[in-house]
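For reference, the chains in residue letters:
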Amino acid sequence: MKFAVKKGFVCLPLIAALAACGGGGGDSAPAANSNQGTNTGTTTPTTPTTPTTPTTPTTPTTPTTPTTPTTPTTPTTPTTPTTPTTPTTPDPAPVTNPGSTGSVSAPYVMTSTTRFLMMGWAENSAMGLSTPISQQADGAVVLMGDRSLSGDLAVQEIAGDASYAMGRWNYGTARRGIFTDELKAKEAGFHYAVFNGVAVFPTSGSYSCDAGKFTLPSRTNGLGSLLAASTGSASITFSAGGANVQATIESVGNNDRKIVTTTGVNTPLIGPDELLKTGTFASSGSTGLIATVAQADAGKLRVVVGYQTSLDFGNYRGIAVFTCAAQ
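In this text, all values refer to a predicted model and were calculated from it rather than measured experimentally. (Residues numbered from 1 in each chain as written. Predicted model: local features only at pLDDT ≥ 70, side-chain atom pairs only at ≥ 80, totals over all residues. Heavy atoms only, no water.)

## Describing the overall build of the chain
Line of reasoning, step 1. For the chain, the count of helices and strands is two helices and 18 strands.
Line of reasoning, step 2. The buried share among the 327 residues of the chain stands at 36%.
Line of reasoning, step 3. Sequence-distant contacts, at least 24 apart, represent 59% of the contacts inside the chain between residues at least 6 apart.
Line of reasoning, step 4. Summing over all exposed atoms, the chain offers an accessible surface of approximately 19000 Å²; the carbon and sulfur share of this is 59%. (Helix = DSSP H or I, 4+ residues; strand = E, 2+ residues; numbered from the N terminus. Buried < 20%, exposed > 50% of the residue type's maximum accessible area, 1.4 Å probe, protein only. Contact = heavy atoms within 4.5 Å. Areas by Shrake-Rupley, 256 points an atom, 1.4 Å probe, with all protein chains shown as cover.)

Written as structure tokens, this is what we have:
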């Protein structure tokens, strides 16, 4: 094939000349190629196969844009708790007059030796009386010197006879010199004893005393129950040197128990107007007692005691009166 193409290509002018002259002959192109002159005198080259258009590379998939992480939800600010409303403290229920308690066997009779003892909050008095007292029908003493209880009043633990009277002011208007206190049964109150002094001490003899009469000891400061309870004992021994008074008071309250006593105090009372005082009696937060000898009916004597004691976190004061007979 290749040579035929070359031969025909070289002889092209000759063929054209022969044809013009009417001649011909010689080596003629094979019949198979007789059409070549009709065309261009050359073999049409095989049209090259159009190269396969290369496959356009697949556009790479655009990577998925990573999802922007969800911004975490800002935590909700916790609601500020509502400040609880402070409950309104209700007005305390009115305290009504509780009424008086106790009784006497006879009205008290004053003498030239009448004295009184008063104990309570900011009160610790013992003195003689030259002015009349005032005693109600139930035996409550409501006036002694410049101490008085008036208005709608009540007196607790009333006791006595013709030679003494005792009780605890619990309700009413209490006046003590220049001071005024409105007692409404929730306050401690004031304890009193009115009694007659002994004219002259005997120079010998011993007296044993009964279980005594007591006002309920009341709290004068600190914490704890308003009232406690007390029991006690007492005795008197006389000599030429005077009266040796022994007294012991045991008080119970606030799950506590305390004793105040004269035990160990051997200093005798030289005369009837004297008081025996132990330790730091009447000092703030201290314990102790005061005691004196009083006259009773039928040849008997009395030991009158004012005391204060400490029960747990509270301080208490009260009065006790013992009746004593000769042994």
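## With respect to the pattern of salt bridges
Line of reasoning, step 1. A complete count under the given rule lists nine salt bridges for this structure.
Line of reasoning, step 2. In this structure, the salt-bridge partner of Glu 157 is Arg 168, at a minimum N-O distance of 2.9 Å. With a gap of eleven residues between them, Glu 157 in strand E5 (residues 147–161) and Arg 168 in strand E6 (residues 164–176) connect regions that are remote in the sequence. When sorted by exposure, Glu 157 lands in the same class as Arg 168, which is buried.
Line of reasoning, step 3. Its salt-bridge partner being Glu 250, residue Arg 257 comes within 3.1 Å of it at the nearest N-O pair.
Line of reasoning, step 4. The class for Arg 257 is exposed, based on a relative accessible area of 52%.
Line of reasoning, step 5. When salt bridges that share partners are traced, they join Glu 123, Asp 146, Arg 147, Arg 176 and Asp 181 into one network. (Salt bridge = Lys/Arg side-chain N within 4 Å of Asp/Glu carboxyl O.)

## Let's talk about the pairing of strand E17 (residues 301–311)
Line of reasoning, step 1. E17 sits mainly inside the fold: eleven of its eleven residues count as buried.
Line of reasoning, step 2. The two faces of E17 match: Leu 301, Val 303, Val 305, Tyr 307, Thr 309 and Leu 311 on one face and Arg 302, Val 304, Gly 306, Gln 308 and Ser 310 on the other face are all buried.
Line of reasoning, step 3. Where strand E16 (residues 288–295) lies against E17, eight bridges are found, and the strand directions are antiparallel. Paired with Gln 295 across the bridge in E17 is Leu 301.
Line of reasoning, step 4. Joining the antiparallel neighbours E16 and E17 is a turn of five residues, in which Ala 298 adopts a positive phi near 55°.
Line of reasoning, step 5. Note that E17 and strand E18 (residues 314–326) share eleven bridges and pair antiparallel. Pairing of Val 303 across the sheet is with Phe 322, part of E18. (Pairing = 2+ DSSP bridges.)

## A closer look at the state of the cysteines
Line of reasoning, step 1. Applying the stated criterion across every chain, the model contains one disulfide.
Line of reasoning, step 2. The disulfide partner of Cys 209 is Cys 324, and the S-S distance across this bridge is 1.9 Å. Given an S-S torsion of about 90°, the disulfide between Cys 209 and Cys 324 has right-handed geometry. Highlighted residues: Cys 209 in strand E9 (residues 205–209) and Cys 324 in strand E18, separated in sequence by 115 residues. We note that Cys 209, like Cys 324, is buried. (Disulfide = S-S within 2.5 Å.)

That is the geometry; function is a separate question.
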